[in-house]
Amino acid sequence: MAEETENENNLVPANDRVVKINIEDQMKSAYIDYSMSVIVSRALPDARDGLKPVHRRVLYGMHELGVTSGKPYKKSARIVGDVLGKYHPHGDTAVYDTMVRMAQDWSLRYPLIDGQGNYGSLDGDPPAAMRYTESRLRKIAEEMLADIRKDTVDFQLNFDDSETEPTVLPTRIPNLLVNGASGIAVGMATNMAPHNLTEVIDGTVAYIDNRDIEISELMQYVKAPDFPTGGFIYGHHGVREAFETGRGRIVMRAKAEIETTKSGREIIIVTEIPYLINKADMIKRTVDLINEKKIEGISEIRDESTKDVRIIYEIKRDANANVVLNNLYKYTSLQSSFSVNNIALVKGRPMLMNLKDMIHEFVEHRHEVVVRRTKFELAEAEKRAHILEGYLIALDHLDEVIKLIRSSETPEDARVGLMEKFGLSDLQARAILDMTLRRLTGLERDKIKEEYAELMKTIDYLKQVLMDEGLRMRIIKDELLEIKEKFGDERRSIIVHSAEDMTMEDFVDDEEVVITISHNSYVKRTPLTEYKRQGRGGKGAIGSNTRDEDFTEHIITATAHNYMLLFTETGRCFWLRAFEIPEGSRTSRGRALQNIINIPKDEKIKAYILVKNLKDQEYLENNFIIMCTKQGTIKKTSLEAYSRPRANGINAININEGDQLIEACLTSGSSEIVMALRSGRAIRFNESTVRPMGRTATGVRGITLTGETDEVVGMISVNSSEVSVLVVSEKGYGKRTDIEDYRITNRGGKGVKTINVTEKTGELVAIKDVTDNDDLMIINKSGIVIRIGVDSLRVMGRATQGVRLITLKETDEIASITKVAREEEEEEIDADSENPTENSDLDEQATDETEE
């Protein structure tokens, strides 16, 4: 019984072999093979010639049939049959559709086939059957096939091994960029935009001249895609993204103009539509939207297109044509997008390519073609020279050669005899035997010598080409420029700026502004022209409305496009553009800084630096930021360390416990530093004595404090001996002193006296570097601000107490001062209309008390 069961289970004869496989593994393997076949042999273009296999086979098949631009048209059915029978074993529809697309001037930017007959239309009308149409190659397509018979590219066997076909064309046209490509493979797709031939060649030549060229520099030549149907490219952001990454979304708009008819009605005339848009479908969809009341204001649509596009939208009398046009852009295909996905085959593998990658692959391909062509031409030239050398030997021994040939019984005997007697090769001997009698004349002999001499020059040149890569690149450039001369044309698609291209800078004038930061971190910007200049000693004007105990602590003059580096008392750095600060009137309080940047609420801004550019590497590396703290520490760091803005700020300096940052300034590395103390002393030393440190360092000793209550009140950076030092005390006294009065000492000392501190003057609160061309803005804790000219202050000695700058109430004190640039035409205001002599008397009294 067991034996019967065993026989039933083994129904397969013993001599047959059955291989058991896992069906899941088999399906995976089969699908991968299929997908790779689709990717490599059907859907994706080659990065070198920009063609898929079917396009390449059609062009090569037409070339082999001799259907060139100078020959008569041939029936499309004949060409399709030839391509099917020899190279492309697929459906005839696929081949004919490929031919049709390559002949449509609205599908390809530079059509490769010259079609005669009905090849379809922009309205989506199908072409006539292939038995009715005719075609031939265009001249630009012949440039893609030039030198194909000179061993410039590899050939492979066709599907039945009966013919050979090229694996790639030796194209002189950068076709991948020029005509683009689209295709859906398995797991990936490609969608490459067409470009202008002139721009692409200019960009390629620029790449050949400089292999390290940046994509941004290439974009100065290749500005954007150039679609065959023209229209507008709306915005440059997507173009830049596509060029830099290989992927991007390019917005296209129809070319539309608004005109007024004789009857006074407005009409919109569309003369160019976006690429790959079906005109008839677009009009039908627009009519549907009008009927659905989604678009209003259009009374009639007429398609008056002939060979050129012309669509008329008649606008109702009570409608606005601009509004209607914007709605058409919004809801219809008058505005559409082209999603760039630059995937092409590089060495048989799909690769996402940016602009530079595509140009690189084309140049490398052309270089290989030139090398192979040169080797082929050199071999042919040497072969011909070899035969000519044999001719010359025969002509030099003409009588002997004739005698030998006449005495030979057979041609074979003559060939062997020539080789043995004159040392000729087999090729030379056969060529001599094939010579016609007319070649023996004296004139023909001279021609042979001339041909040989020219041939030797050609051989020398070809050998030089093979040895010199620079010469090969020059050949590639010359051939490209020749193509540009033949086929280059003007751009069709016009680039216009869109809203997303516009940054805030484009909407803000780069005007001079005053930025004020209050003690409680309220900030605003005001045009500098709002602050009028006054005489020294005036009471000033209301600068801002204060709240509780708040007062303005920093007054900064800048231009709207400047970058501001804000430094907090704890040593953190934040970035802010001047135009990002809300604008306010001179008397407004402003907006809390915490609502603009991510500064912690318990931190206060203690210093700022204005920087024009954070992207110029040379500028960043050759400038430094110097910071000082209340306890006299100083630190120097390269500006480059602060060139990468972060929303949450960065650590600029390590602050010790009990200390805080009070000042930061931008220097060139060769400045002199002056630091001032509340006690009225100041030190001057060379910046070079402070070595550059990293962002997280603490710094070194800049000045030694004179007592426990003493502290640093400010620091200035001096680059010129013409600068004078301005110091201001808390009770409104100030003076200018020549910088040379401060001798240069070692860093870290106690310094020298800079102002005579008395009970009347109060302690020092500020130090600034000024010239006669500066104005001063002084603000006190009650919110009063005054603007005076520095030239109204005479230069005094170091040990004087100075003159009164501003009249203060008994309980008021100066909060801060800043210098501003002199305006061209300033309105002079009387110092104090109520007591015109009061301030002058005070000034005289203060001037008299100048000695210590």
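Residues numbered from 1 in each chain as written. Predicted model: local features only at pLDDT ≥ 70, side-chain atom pairs only at ≥ 80, totals over all residues. Heavy atoms only, no water.

An unreviewed UniProt entry annotates the protein as DNA gyrase subunit A originating from Sphingobacterium nematocida. Its UniProt record gives the protein a comment under Subcellular location (unreviewed entry), which states: "Cytoplasm". What UniProt states about the protein under its Sequence similarities (unreviewed entry) heading is, verbatim, "Belongs to the type II topoisomerase GyrA/ParC subunit family." (UniProt positions renumbered as here; feature names shortened; annotations may be inferred.)

Novice: Describe the UniProt feature "active site" (unreviewed entry) in the protein, with residues and values.
Specialist: The UniProt entry lists Tyr132 under the feature "active site" (unreviewed entry), expressed in the numbering used here. When you line up the elements, Tyr132 lands in the loop between strand S2 (113–116) and strand S3 (134–137). (Helix = DSSP H or I, 4+ residues; strand = E, 2+ residues; numbered from the N terminus.)

Novice: Requested: an account of helix H16 (residues 426–433), with residues and values cited.
Specialist: Along H16, the residues classified as buried are Gln428, Ala429, Ala431 and Ile432. With its buried residues spanning 160° around the axis, H16 presents them on a single face. (Buried < 20%, exposed > 50% of the residue type's maximum accessible area, 1.4 Å probe, protein only. Arc of directions from axis to C-beta.)

Novice: Any details on the pairing of strand S9 (residues 247–253)? Residues and values, ideally.
Specialist: On any regular strand, side chains alternate: one points to one face of the sheet, the next to the other face. The buried fraction of S9 amounts to 5 of the 7 residues, a majority that puts the element mostly inside the structure. In this structure, strand S8 (residues 232–234) lies alongside S9, joined through 2 bridges in antiparallel fashion. Pairing of Phe232 across the sheet is with Arg253, part of S9. Both S9 and strand S14 (residues 335–341) contribute to a ladder of 7 bridges, which runs antiparallel. Residue pairing for S14: Val251 is matched across the bridge by Ser337. (Pairing = 2+ DSSP bridges.)

Novice: With reference to specific residues and values, describe the packing of helix H8 (residues 197–209) against helix H13 (residues 355–396).
Specialist: Their axes nearest at 10 Å, the elements H8 and H13 cross at an angle of 75°. Here H8 is positioned roughly perpendicular relative to H13, judged by the angle of their axes. Across from Gly203, Thr204, Tyr207 and Ile208 in H8, the residues of H13 making contact are Lys356, Ile359, His360, Phe362 and Val363. (Axes fitted to C-alpha atoms, helices over the stretch in contact; angles between N-to-C directions. Parallel < 35°, antiparallel > 145°, perpendicular 65-115°, else oblique. Contact = heavy atoms within 4.5 Å.)

Novice: Can you explain the sheet that holds strand S28 (residues 650–651)? Please cite residues and give values.
Specialist: Note: strands within a sheet are paired through backbone hydrogen bonds, in either parallel or antiparallel orientation. Across the sheet, 4 strands lie side by side as S25-S22-S23-S28; this open sheet has antiparallel pairing. Strands with a single pairing partner mark the edges of an open sheet, and in this sheet they are strand S25 (605–611) and S28. Here strand S22 (residues 563–568) runs beside strand S23 (residues 572–577); their pairing, made up of 5 bridges, is antiparallel. For Leu565, the partnering residue across the bridge sits in S23 and is Trp575.

Novice: Go over the packing of aromatic side chains with me, naming the residues and quoting the values.
Specialist: On inspection of all chains with the given rule, the structure shows 7 aromatic pairs. With 5.8 Å between their ring centres and 50° between their planes, Tyr31 and Tyr34 make a pair best called tilted. Linking Tyr31 with Tyr34, this pair stays in helix H2 (residues 23–43), spanning 3 residues, or about one helical turn. Overall, the relative accessible area of 44% leaves Tyr34 in the partly exposed class. A cation over an aromatic ring shows up here: Arg253 above the ring of Tyr234, its NZ or CZ 3.8 Å from the ring centre. One residue, Arg253, lies across the ring of Tyr329, its end atom 4.1 Å from the ring centre. (Phe/Tyr/Trp six-rings, centres within 6.5 Å; stacked < 30°, edge-to-face > 60°. Lys NZ or Arg CZ within 6 Å of the ring centre and 35° of its normal.)

Novice: Account for unusual backbone geometry, naming residues and giving values.
Specialist: Phi at Asp147 takes a positive value of approximately 70°, unusual for a residue other than glycine. Along the polypeptide, Asp147 turns up in the loop between helix H6 (139–145) and strand S4 (155–157). A positive phi angle is found at Lys293, which is not glycine, with a value near 65°. Here Lys293 shows up in the loop between helix H11 (279–291) and strand S12 (298–303).

Novice: Help me get a handle on the confidence of the model for the protein, residues and values and all.
Specialist: Averaged over all residues, the pLDDT of the protein equals 84, while 90% of them reach at least 70. Throughout residues 1–9 the model reports pLDDT below 50, and contacts reaching past four residues in sequence, or to other chains, amount to 0 contacts. In the model, residues 823–852 has pLDDT below 50 throughout and makes 46 contacts with residues more than four positions away in sequence or in other chains. (pLDDT = per-residue confidence, 0-100.)

Novice: Got a sec to walk through helix H18 (residues 469–487)? Specific residues and values, please.
Specialist: If you check H18, its first and last C-alpha atoms are 27 Å apart, about what 19 residues at 1.5 Å a residue would give, namely 27 Å. Those residues of H18 that sit buried are Leu471, Arg472, Met473, Ile475, Ile476, Glu479, Leu480, Ile483 and Phe487. For H18, the N-terminal capping position is held by Asp468, with its side-chain oxygen 3.0 Å away from the main-chain nitrogen of Gly470. (Expected span 1.5 Å × (residues − 1). Polar contact = N/O pair within 3.5 Å; in protein donor to acceptor, adjacent residues only side chain to side chain.)

Novice: How would you summarise the nonpolar core if you had to cite specific residues and measurements?
Specialist: In summary, soluble globular proteins display a tendency toward joint burial of nonpolar side chains. Counting residues in hydrophobic clusters, the biggest one holds 81 residues, and the most contacted among them are Val58, Leu59, Leu112, Ile113, Leu197, Phe227 and Leu355. Domain assignment of the residues forming this core places at least three in each of domain 1 (37–147) and domain 3 (366–487). Setting aside its immediate chain neighbours within four residues, Leu355 contacts Leu177, Leu218, Met219, Val222 and Phe243. (Core = buried A, V, L, I, M, F, W, Y, C linked by side-chain atoms within 4.5 Å. Domains from an automatic or database assignment.)

Novice: Could you give an account of the pattern of salt bridges, with specific residues and numbers?
Specialist: Using the criterion set out here, one finds 51 salt bridges in the structure. Asp489 is paired through a salt bridge with Arg109; the nearest N and O atoms lie 3.1 Å apart. Linking Asp489 in the loop between H18 and strand S17 (494–496) with Arg109 in the loop between helix H5 (92–103) and S2, this pair joins segments that are 380 residues apart in sequence. In this structure, Asp426 engages Arg430 in a salt bridge whose closest nitrogen and oxygen atoms are separated by 3.0 Å. In this pair, Asp426 and Arg430 both sit in helix H16, 4 residues apart, roughly one turn of the helix. Residue Asp426 is classed as partly exposed on the basis of its relative accessible area, which comes to 30%. Three or more residues are tied together by salt bridges with common partners; here these are Glu143, Asp147, Lys150, Arg172, Arg366, Arg373, Glu377, Glu479, Glu482 and Lys486. (Salt bridge = Lys/Arg side-chain N within 4 Å of Asp/Glu carboxyl O.)

Novice: Go over the sheet that holds strand S26 (residues 624–629), please, and point to the residues and values.
Specialist: The 4 strands lie next to each other as S29-S26-S27-S32, forming an open sheet whose pairing is antiparallel. The open sheet has two free edges, formed respectively by strand S29 (661–667) and strand S32 (700–701), since each of these has just one partner strand. Summarising the sheet, strand S27 (residues 633–638) and S32 pair through 2 bridges and their orientation is antiparallel. Note on S32: the bridge partner recorded for Thr633 is Arg701.

Novice: I'd like a description of the pairing of S23, backed by residues and values.
Specialist: Judged by how many residues are buried, S23 sits mostly within the fold: 6 of 6 residues are covered. Neither face of S23 is left uncovered, since the one carrying Arg572, Phe574 and Leu576 and the one carrying Cys573, Trp575 and Arg577 both have all their residues buried. Here S22 folds back onto S23 in antiparallel fashion, the turn holding 3 residues, of which Gly571 has a positive phi close to 95°. Where S23 lies against S28, 2 bridges are found, and the strand directions are antiparallel. Paired with Arg572 across the two strands is Asn651, which belongs to S28.

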